[in-house]
Amino acid sequence: MKVVHLISGGDTGGAKTHVLSLLHDLNQTIDARLVCFREGEFAQEARELKIPTTIFQGNRLWRTCRELKAYIRDGGFDIIHCHGSRANMMGILMRRATGLPVVTTVHSDYKLDYLGRPLGRLTYGNINAFALRKFDYYIGVSDAMVDLLIRRGFPPERFYAIYNGLRFDVQRTLTDRTAYLRGLGAKVEKDSIVVGIAARLNPVKDVATLIRGFARAAADCGRLRLVIAGDGADREKLERLCGQLGVADKVCFAGWLEDMDTFYQALDINTLTSLSETFPYALTEGARYALPTVSSRVGGVPYLIDHAVNGFLFLPGDDEALGKHLAALAGDESLRRRLGENLRAKAAEKYSLQKTVETQLAIYEDILRRHSRKIPKRDGVLICGAYGKENAGDEAILRAIIREMREIDPYMPVTVLSRRPMRTKLVYRVDAIHTFQMLRWSRRMKKTRLYISGGGSLIQDVTSRRSLWYYLYNMRAAKRRGNQVMMYGCGIGPVIRQHHRELSAKTMNRYVDAITLREPDSLRELQDMGVKNPAVYLSADPALILPAASPDVVDSAMLSHNIPLDGAYICFALRKWPGFEEKLPVIRAAAAYAYRTYGLTPLFLAVEKLKDPEFLSCAVEGLSVPYYLMTGSDDPAAITGVLARMRVVVSMRLHALIFAAGQGVPLVGLVYDPKVSAFLKYIGEELYVDLVHLDEKALKGLIDRAVREKRDEQSVERLVEMERVNRRVAKSLYEQGGGED
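Notes on the structure follow. This is a predicted model, so every value here is computed, not measured.

### Observations concerning a positive patch on the surface
A grouping of Arg476, Arg480, Lys506 and Arg510 is seen on the molecular surface, where their side chains present a positively charged patch. Of all the secondary-structure elements, those providing two or more residues to the positive patch are helix H19 (465-480) and helix H20 (498-511). The topology assignment puts arginine 480 in helix H19.

### What about the environment of leucine 210?
Relative to the helices and strands, leucine 210 is located in helix H8 (residues 207-220). Put simply, leucine 210 and threonine 271 are 61 residues apart on the chain and 8.1 Å apart in space, counted from C-alpha to C-alpha. If sequence neighbours within four positions are ignored, leucine 210 has contacts with Ile197, Leu226, Thr271, Thr273 and Leu322.

### What about helix H22 (residues 551-559)?
For H22, the full list of buried residues reads Val554, Asp555, Ser556, Ala557 and Met558. Summarising the contacts, the buried residues of H22 are in contact with strand S21 (569-573), strand S23 (628-630) and helix H25 (636-644).

### Considering the side chain of glutamate 395
Tracing the backbone through its elements, the reader meets glutamate 395 in helix H16 (residues 392-408). Setting aside chain neighbours within four positions, we find glutamate 395 in contact with Tyr387, Gly388, Lys389, Arg423, Tyr428 and Pro636.

### A look at unusual backbone geometry
Put simply, glycine 493 and proline 494 share a cis peptide bond, and its omega is 0 degrees. Summarising the element assignment, proline 494 is placed in the loop between strand S18 (484-492) and H20. Phi at glutamate 390 takes a positive value of approximately 60 degrees, unusual for a residue other than glycine. Of note, glutamate 390 is situated in the loop between strand S14 (381-384) and H16. Even without being a glycine, asparagine 562 presents a positive backbone phi close to 60 degrees. With respect to the element layout, asparagine 562 can be found in the loop between H22 and S21. Residue classification places asparagine 562 among the exposed residues on the basis of a relative accessible area of 64%.

### So, helix H14 (residues 333-350)
When the terminal C-alpha atoms of H14 are compared, their 26 Å separation across 18 residues agrees well with the 26 Å that a helix rising 1.5 Å per residue should span. All buried positions along H14 are accounted for by Leu335, Arg336, Leu339, Gly340, Leu343, Lys346 and Ala347. Buried residues of H14 fall within an arc of 135 degrees about the axis and therefore sit on the same side. Pointing more than 90 degrees away from the buried face of H14 are the exposed residues Glu333 and Glu349.

### Comments concerning the environment of leucine 699
Positionally, leucine 699 belongs in helix H28 (residues 696-708). Between the alpha carbons of leucine 699 and valine 650 there is a distance of 9.3 Å; along the sequence they are 49 residues apart. Not counting residues up to four positions away in its chain, the partners in contact with leucine 699 are Val586, Ile587, Ala590, Val650, Val668, Leu670 and Leu694.

### Notes on the packing of H25 against helix H26 (residues 654-662)
It is the contact of H25 with H26, at a shortest axis distance of 9 Å, that shows an interaxial angle of 65 degrees. In terms of crossing hand, the pair formed by H25 and H26 is right-handed. Between H25, through Pro636, Ile639, Thr640 and Leu643, and H26, the contact on the second element is made entirely by Ala656, Phe659 and Ala660. Of the residues that constitute the contact of H25 with H26, the class distribution is six nonpolar, one polar and no charged.

### Brief notes about the side chain of arginine 225
One can find arginine 225 in strand S9 (residues 224-229). Despite its burial, arginine 225 pairs with no opposite charge; the closest candidate is glutamate 189, at 6.2 Å N-O.

### Re the environment of tyrosine 110
Note that tyrosine 110 resides in the loop between strand S5 (102-106) and helix H5 (118-132). For tyrosine 110, a relative accessible area of 9% corresponds to the buried category. C-alpha separation for the pair tyrosine 110 and leucine 149, spaced 39 residues apart in sequence, amounts to 9.6 Å. Here tyrosine 110 is in contact with Asn128, Ala129, Leu132, Arg133, Leu149, Arg152 and Phe154, once residues within four sequence places are set aside.

### Here's the deal with the pairing of S5
The two faces of a sheet get side chains in turn, since along a regular strand they alternate between them. Of all five residues making up S5, five are buried, and the element is well covered by its neighbours. Taking every second residue as pointing to the same face, both faces of S5 are buried, with Val102, Thr104 and Val106 on one and Val103 and Thr105 on the other. Sheet topology note: the strand S4 (residues 79-83)/S5 ladder contains four bridges and is parallel. Bridged to histidine 81 within S5 is valine 103. Viewed along the sheet, the connection from S4 through helix H4 (residues 85-98) into S5 turns out right-handed.

### Thoughts on the sheet that holds S9
Taken in spatial order, the six strands of this open sheet run S10-S9-S8-S11-S12-S13, and their pairing is parallel. Both outer strands of the open sheet, strand S10 (251-255) and strand S13 (312-314), are each paired with one neighbouring strand and no more. Between one strand axis and the next, the sheet turns by 20 degrees as a mean value, whatever way the strands run.

### Let's talk about the sheet that holds strand S19 (residues 514-517)
The seven strands are arranged S16-S15-S14-S17-S18-S19-S20 in an open sheet whose pairing can be described as parallel. Of all the strands in the sheet, just strand S16 (431-434) and strand S20 (535-538) have a single pairing partner and so form its edges. Strand-to-strand twist of the sheet, defined as the mean angle between neighbouring strand axes without regard to direction, takes the value 20 degrees. Its contacts with the sheet place H16 against S14, strand S15 (414-418), strand S17 (450-459) and S18, and it is angled at close to 155 degrees to S17. On the sheet, helix H17 (residues 421-428) packs against S15 and S16 and is oriented at approximately 165 degrees with respect to S16.

The rules behind the values
Residues numbered from 1 in each chain as written. Predicted model: local features only at pLDDT ≥ 70, side-chain atom pairs only at ≥ 80, totals over all residues. Heavy atoms only, no water. Patch = residues over 30% accessible without salt bridge, like charges linked within 9 Å, V, L, I, M, F, W, Y side chains within 5 Å. Areas by Shrake-Rupley, 256 points an atom, 1.4 Å probe, with all protein chains shown as cover. Salt bridge = Lys/Arg side-chain N within 4 Å of Asp/Glu carboxyl O. Lys, Arg positive; Asp, Glu negative; His and termini not counted. Charge placed at Lys NZ, Arg CZ, Asp CG, Glu CD. Helix = DSSP H or I, 4+ residues; strand = E, 2+ residues; numbered from the N terminus. Contact = heavy atoms within 4.5 Å. Buried < 20%, exposed > 50% of the residue type's maximum accessible area, 1.4 Å probe, protein only. Expected span 1.5 Å × (residues − 1). Arc of directions from axis to C-beta. Axes fitted to C-alpha atoms, helices over the stretch in contact; angles between N-to-C directions. Left-handed = near helix turned anticlockwise from the far one by under 90°. Nonpolar A, V, L, I, M, F, W, Y, C, P; charged D, E, K, R; others polar. Pairing = 2+ DSSP bridges. Right-handed = clockwise from strand over helix to strand, strands pointing away.

What follows is the structure, given as structure tokens:
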């Protein structure tokens, strides 16, 4: 593989470090050449690193274009990779001239690149903004940068994320920390606990919040000291703030430092208080030396720091929370050591230079495969369901369907109809259209090959008649516009009104090609309606295949709610339902019984973030044993991970039962709707009770039986294999391709 990198040659800071270190290591595997449009320090450092470097200097644009086109064609390159505004302009010109795939790495917010330089913003800034819209592919330096560009209307399916990587094979060389810090001007003793930050002293870095938070923590811990490495226009103002807060003798303004490795070796705690970031080197540089870190929750930072697992996060500007985290670290050496070691381990695994190079190579290979793919006249899938409503169950279904579409074809264009299309784009990296933007999705249907309606119980008229009409109309519209139509992992019913049953049967018989069902009761309902024409298959709910989040993410989700990781728990996933308030004493009695009999602490979990928390708060009122509430997560993978750690799950929420079943956790179902018992019977679970018959004796007996059960890995494998029917049917329909318009 041969790749040419284009860059202006005047770049500094993180972009310069990223490009030079990346090209140096890429050349161990592929042929990566550098083209600069000016001579200077950048090109000289590249040559010193033995990176093949060519200069195309001069301001005659068309002559430079001719020379660059000849260089690329004669060089036999496979990919053109651009960095920065001038390179982006040249890359777009080369795209048409050479026919090669062109990718750009976006290192910073292009709208801020020429801030304070009106002429540069008017020329290069506008040219860059135009050129960026023309690229085949984009690489953002962090997921946060990708999110920023998607919010501005860039196509989510053409993005990759990469992180600034560092070498982690470093050695500690600092032998006398106290002498080094005193040399910087810090008033420290050998037992001082030193907090540090490396940042420009400007408003964006918000060092004022750090000083305020430090002052709060220092009031409780006299050994705390703060060293600020950096300079800028805000220095005098920040020095005055230190005096006003009475910590001037504990804060050292060290100015710009050349040797940052020694600086980080001298710290006990690393900090970042920025109001805006992409993915700062300052955190990974501190992680190399296993520094516990407290950072504002901005940009790509949460991808590195899992709160309370390998560091602490706070909202930008919240000096009170920052102060509490600094005080906690100052008072607990073992906590500092544990968080620091956890952070180093994660950073070394995911954000090392080696990982960055591996990611870049994988991106190149993916680009070449995409570029060689023959695009058919009709391509892609349109997915419709109850998405964008912050319901973890529905979002889990969507995540699972998208995952299976990617297994069918990794480059399949995916579009989702969502109540919150921007959030759907950001979370799933697919295109999304608002549920009721009918003109837009009607046009999209003329280009897609497969329309998916699912999963969940969309064909029902109990909660809403209008939603039934909407889903039936969409299936009709999709078929008439040439799509194969599939109802995916569905539950059917209840459809109560006779004219709705007739309308549903007529629509499915005429416009649906295949239906996969998550349990047999839905099959019987279809038969009773008179649905005969579509091919119908028994499968399982798509959410069964959703993997749990990583252990760090699950740990963070639990610790954020002050839930100890080493506890033994019984989970209650409840929802508001007419008449269920009368059963809450039964739930409380069963929770207390599980705690006193089996040592299982009750954990009340919200599956639907917007609706469940208030009801759960009522459920725990007057509970006589310790308990925990977990109400702040809408990430289905994190919820699945939490449920995987439960000893027993007692649930009204169908998708809590589905998530737990996919992890092999013993279940107790509280049946408020036939779909709950239908699912449990289908997967061979016998432990459930109808709400009408729920009493204390019955629920305690079910918990006794569930506690005696063991996790059944074979049952999980069987469920996953049942769910795979969904993918096989979708693949068959997709390969048939749509009909003619």
